[in-house]
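Architecture and fold: a report
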Amino acid sequence: MKLFAISDLHVNSGGNLERLRLLTPRPDDWLIVAGDVCEKVGLLADTLGLLAAKFAKVIWVPGNHELWSEGDGHASLRGLAKYEALVAAARDVGALTPEDPYPLWPGPGPATVIAPLFLLYDYSFRPADVPLEKVLDWSAEDGVLCTDEMLLSPEPYRSRIEWCHVRCRLSEARLERAVPPGMQSVLINHYPLRQDLVHIPRIPRFSPWCGTKITEDWHRRFNAAVCVSGHLHVRRTDWLDGTRFEEVSLGYARHWNPERGIDAYLRQILPEPEVPPDLIALRAPRGKR
C-alpha cells in the first residue's frame, strides 16, 4: 500500500483530462490531489470521481483555481460559498477534504496523521523592504499580477488576508488536537508552507500569492514526515529539519511530457521511496540548510 500525490492537474488544459483517464488504477493505494484541478464545480466532481474509481482513497485540497468565480452554473458562487460547494462536490464522490476528520495512514511505517489543509496566502512572501500596501506595485514592476486579484473573492471576509488568517487559526487548532506527541504527520496544502521553498525563477515576483509566513515552522511543530504542495509548477524535492517537502505539480500541457503519461508524475509520499543511487547527489541532504 502506497500514498501518492499530484497537483495542478488543470484538466481543462491541452488534453490533460483525456490523459488522466489513462492513469493506471491502483485500487490498494491512496492519492493526494493538492489543488488546481479546475475552475468548475461540476468538472471537479467528475475528475475526483474518476480518480476515486482508480484509488482506494482520494484526498483533495483546493487551489486558487477552484476558488475562481467563473465557469458553469456555479458562477454566482463567490468566496466561502464557492469553497463550501467544492467541499460538497468532493464529498459526493467520496473524496476527503480539509473539512473532514484527518485520516490515520493504514499502510506501512510509523503511525501518521494525513492532514489536508486549506490556508490561502497573505502576501507575506515578499521582500522585507516591500511594505504590504506596495506589494502589488512591486509585482507589477515586473509585469506580474495574479488572476486571483480579479476572480478569487474573499466573501464574506474583508480580504484574502483575513480569510487566510482565519483558516490558519482553524487549522492550527485542529492540528494541535490531531497530532499528539510521538505521532508524525503528512501536511498537505496547495501552497508551500515556507517562503524559502518558492522556487520560481521565471516569475520571482509572483511569490506574494504563494503562501503565508504563519506556517513556516509547522513542519517542526506538527512533526511532519512530509509536506506536500503544488501551485508553483516546479516539481522538486527539498529537505529541511529532517522533513521532506514535495512539490508535486503536473501543470499545464506545456509543463510536462504527455508521452511519459501522468503515471510518471505521481510522487510517492509514503512509505518513503528508495532513491536510485544516481539521483542521491541531486537531492538536498537531510537537516538544516
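Shown above is the structure to which this text applies.
This write-up is about the structure you can find in this document. The written sequence of each chain sets the order in which its residues are numbered from 1. With the structure being a predicted model, the display of local features is reserved for residues of pLDDT at least 70 and the display and counting of side-chain atom pairs for 80 or more, all residues being used for whole-chain, interface and lining totals. No hydrogens and no water enter the side-chain calculation; it runs on all heavy atoms of the structure.

Given two aromatic rings, one states the distance between the centres and the angle between the planes to describe the pair. We call Phe, Tyr and Trp rings a pair once their centres come within 6.5 Å, taking the six-membered ring for Trp, and we label the pair stacked below 30 degrees between planes, edge-to-face above 60, and tilted otherwise. Counting across every chain of the model gives 10 aromatic pairs. Between Trp218 and Phe222, the aromatic rings sit 5.7 Å apart at their centres with planes inclined by 90°, giving edge-to-face as the arrangement. Burial classes: relative accessible area under 20% of the type maximum marks a residue as buried, over 50% as exposed, and values in between as partly exposed (1.4 Å probe, protein chains only). Assessed through its relative accessible area of 3%, Phe222 is described here as buried. Site record: aromatic cluster; members linked through ring pairs are Tyr121, Tyr123, Tyr191, Phe206 and Trp209. In this scheme, Lys NZ or Arg CZ marks a charge over a ring once it lies within 6 Å of the ring centre and within 35 degrees of the ring normal. Sitting above the plane of the Tyr102 ring, Arg174 keeps its charged end 4.0 Å from the centroid.

We now examine the packing of helix H2 (residues 41–52) against helix H3 (residues 80–92). The interhelical angle for the contact between H2 and H3, taken along N-to-C directions, is 30°, at an axis separation of 9 Å. By the criterion of interaxial angle, the relationship of H2 to H3 is roughly parallel. Crossing hand, H2 versus H3: right-handed. Residue-level inspection shows Val41, Leu44, Ala45 and Leu48 of H2 in contact with H3, the latter providing Lys82, Ala85, Leu86, Ala89 and Ala90. Simply put, an axis is a line fit to the C-alpha atoms, just over the touching stretch for a helix, and the angle between two N-to-C directions goes from 0 to 180 degrees. Only runs of H or I of at least four residues qualify as helices and only runs of E of at least two qualify as strands under DSSP, and these elements are numbered from the N terminus. Convention used here: angles under 35 degrees read as roughly parallel, angles over 145 as roughly antiparallel, angles from 65 to 115 as roughly perpendicular, and any remaining angle as oblique. Note on convention: the crossing is left-handed when the near helix lies turned anticlockwise from the far helix by less than a right angle, right-handed when the turn is clockwise. We call two residues in contact when some of their heavy atoms are within 4.5 Å.

Each patch is assembled from residues with relative accessible area greater than 30% and no salt bridge, linking like charges that lie within 9 Å and nonpolar side chains (Val, Leu, Ile, Met, Phe, Trp, Tyr) that lie within 5 Å. Shrake-Rupley sampling with a 1.4 Å probe provides the accessible areas, and residues are treated as covered by the protein chains on show and by no other component. In the sections that follow, a salt bridge refers to a side-chain nitrogen of Lys or Arg positioned within 4 Å of a carboxyl oxygen of Asp or Glu. Residues Leu136, Leu145 and Met150 make up a contiguous nonpolar surface patch of roughly 280 Å² in combined accessible area. Residue position: Leu136 is located in helix H4 (residues 135–140).

Now for the pairing of strand S8 (residues 243–247). For S8, the buried fraction is high: 5 of the 5 residues fall into the buried class. Taking every second residue as pointing to the same face, both faces of S8 are buried, with Thr243, Phe245 and Glu247 on one and Arg244 and Glu246 on the other. By the bridge criterion, 4 bridges tie strand S6 (residues 224–229) to S8 in an arrangement that is parallel. Across the sheet, residue Cys227 finds its bridge partner in S8, namely Phe245. Strand pairing is assigned whenever DSSP identifies at least 2 bridges connecting the two strands. Pairing of strand S7 (residues 236–240) with S8, which is carried by 5 bridges, proceeds in the antiparallel orientation. The residue bridging Trp239 from the neighbouring strand is Arg244, located in S8. The antiparallel pairing of S7 with S8 creates a hairpin that spans 2 residues between the two strands, and Asp241 there sits at a positive phi of about 55°.

Along the polypeptide, Ser124 turns up in the loop between strand S4 (112–116) and H4. Polar contacts, as counted here, are pairs of nitrogen or oxygen atoms within 3.5 Å of one another; within protein the pair requires one atom able to donate a hydrogen and one able to accept it, and residues that are adjacent in sequence qualify only if both atoms are side-chain atoms. A polar contact of 2.9 Å, which involves the side chain of Ser124, links it to the backbone nitrogen of Lys213. Ser124 has contacts with Gln195, Gly211, Thr212 and Lys213, leaving out every residue within four places of it along the chain.

We now examine the side chain of His233. Topologically, His233 is positioned in the loop between S6 and S7. For His233, a relative accessible area of 14% translates into the label buried. Polar side-chain contacts of His233 include one of 3.0 Å to the side chain of Asp8. Ignoring any residue separated from it by four or fewer positions in sequence, one finds His233 in contact with Asp8, His10, Glu247, Ser249, Gly251, Tyr252 and His255.

Once that is clear, we can look at the sheet that holds strand S9 (residues 267–270). Overall, mixed pairing links the 4 strands, which are arranged S3-S2-S1-S9 in an open sheet. Either end of the sheet is taken by a strand with one partner, and the two such strands are strand S3 (55–60) and S9. Taken over all neighbouring pairs, the strand axes of this sheet differ in orientation by 30° on average, direction set aside. As judged from the 3 bridges shared by strand S1 (residues 3–6) and S9, these two strands associate in the antiparallel manner.

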